[in-house]
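An overview of the molecular structure
Below, each chain spelled out in residue letters.
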Amino acid sequence: MIVDVDMNNLAAAANIHSVSWIESHRAFCSPDFIDMHTPQHQRQYLHRKMANGSRVYMLIDGTPVGIVSVTGSLIEDLYVLPEKQNMGYGTALLQYAIGQCAGKPTLWILENNIGAARLYRRMGFRETGKTNAITDELNEVELILE
């Protein structure tokens, strides 16, 4: 079941975001930067996004397992708890998010995020050619659903 995130379940969504973000970024972010991404920090981040018009959704299968946000046609914050990955939850969240987009769905991924790239390409997303430098060695890449 996918539900809207609101003030009643924001803490659960923030916990998913924190745990998943830390796991996915640990290999290339500094320990100090990793340590900043506590559930409380991610709660503030998600709260700001919602206050600025983003819609945040949470997938629950007995317990909360993943989140995604949509702003217009931009899909962001697709995170599934590490122990729940490769079980179809990311696909379900992505399909749901695509249905919430106002136009052609777009998203940005880190170029080293092989698992996410595999999911997005399988779902029909293709690179647009746009990139943003995150560090001197790492870019994020824009994808669009064609």
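Fair warning: this is a prediction, and the values are worked out from it, not measured in the lab. (Residues numbered from 1 in each chain as written. Predicted model: local features only at pLDDT ≥ 70, side-chain atom pairs only at ≥ 80, totals over all residues. Heavy atoms only, no water.)

With that settled, consider the nonpolar core. Residues I75, L94, L107, Y120 and F125 are the most contacted members of the largest nonpolar core, which totals 23 residues. Elements that contribute at least two residues to this core include exactly strand 2 (55–61), strand 3 (63–71), strand 4 (74–80), helix 4 (89–100), strand 5 (106–110), helix 5 (114–122) and strand 7 (139–145). Apart from residues lying up to four places away in sequence, L94 is in contact with I75, L78, L107, L119, Y120, M123 and F125. (Core = buried A, V, L, I, M, F, W, Y, C linked by side-chain atoms within 4.5 Å. Buried < 20%, exposed > 50% of the residue type's maximum accessible area, 1.4 Å probe, protein only. Helix = DSSP H or I, 4+ residues; strand = E, 2+ residues; numbered from the N terminus. Contact = heavy atoms within 4.5 Å.)

Another point: the sheet that holds strand 3. Strand order in the open sheet formed by 7 strands is 1-2-3-4-5-7-6, with mixed pairing between adjacent strands. Edge strands, defined here as strands with exactly one partner in the open sheet, are strand 1 (2–4) and strand 6 (125–133). Here the average twist between neighbouring strands, direction ignored, is 30 degrees. Pairing of strand 4 with strand 5 involves 2 bridges; the strand directions are parallel. When the bridges of strand 5 are listed, I75 appears paired with L107. (Pairing = 2+ DSSP bridges. Axes fitted to C-alpha atoms, helices over the stretch in contact; angles between N-to-C directions.)

Counted by the stated rule, this structure contains 5 salt bridges. For the salt bridge of K104 with E146, the shortest nitrogen-to-oxygen distance reads 3.6 Å. Of the two residues, K104 is situated in the loop between helix 4 and strand 5 and E146 in the segment after strand 7; the sequence distance between them amounts to 42 residues. Given a relative accessible area of 62%, E146 falls into the exposed group. Residue E142 is joined to K130 by a salt bridge in which the shortest nitrogen-to-oxygen separation is 3.9 Å. Of the two residues, E142 is situated in strand 7 and K130 in strand 6; the sequence distance between them amounts to 12 residues. What makes E142 buried here is its relative accessible area of 10%. (Salt bridge = Lys/Arg side-chain N within 4 Å of Asp/Glu carboxyl O.)

Turning to its location among the elements, M1 is positioned in the segment before strand 1. Using a relative accessible area of 65% as the deciding quantity, one classes M1 as exposed. C-alpha of M1 to C-alpha of P64: the two residues are 63 residues apart in sequence and 9.5 Å apart in space. With residues up to four places along the chain from it excluded, the contact list for M1 reads M58, L59 and I60.

What is shown is where atoms sit, not what they do.
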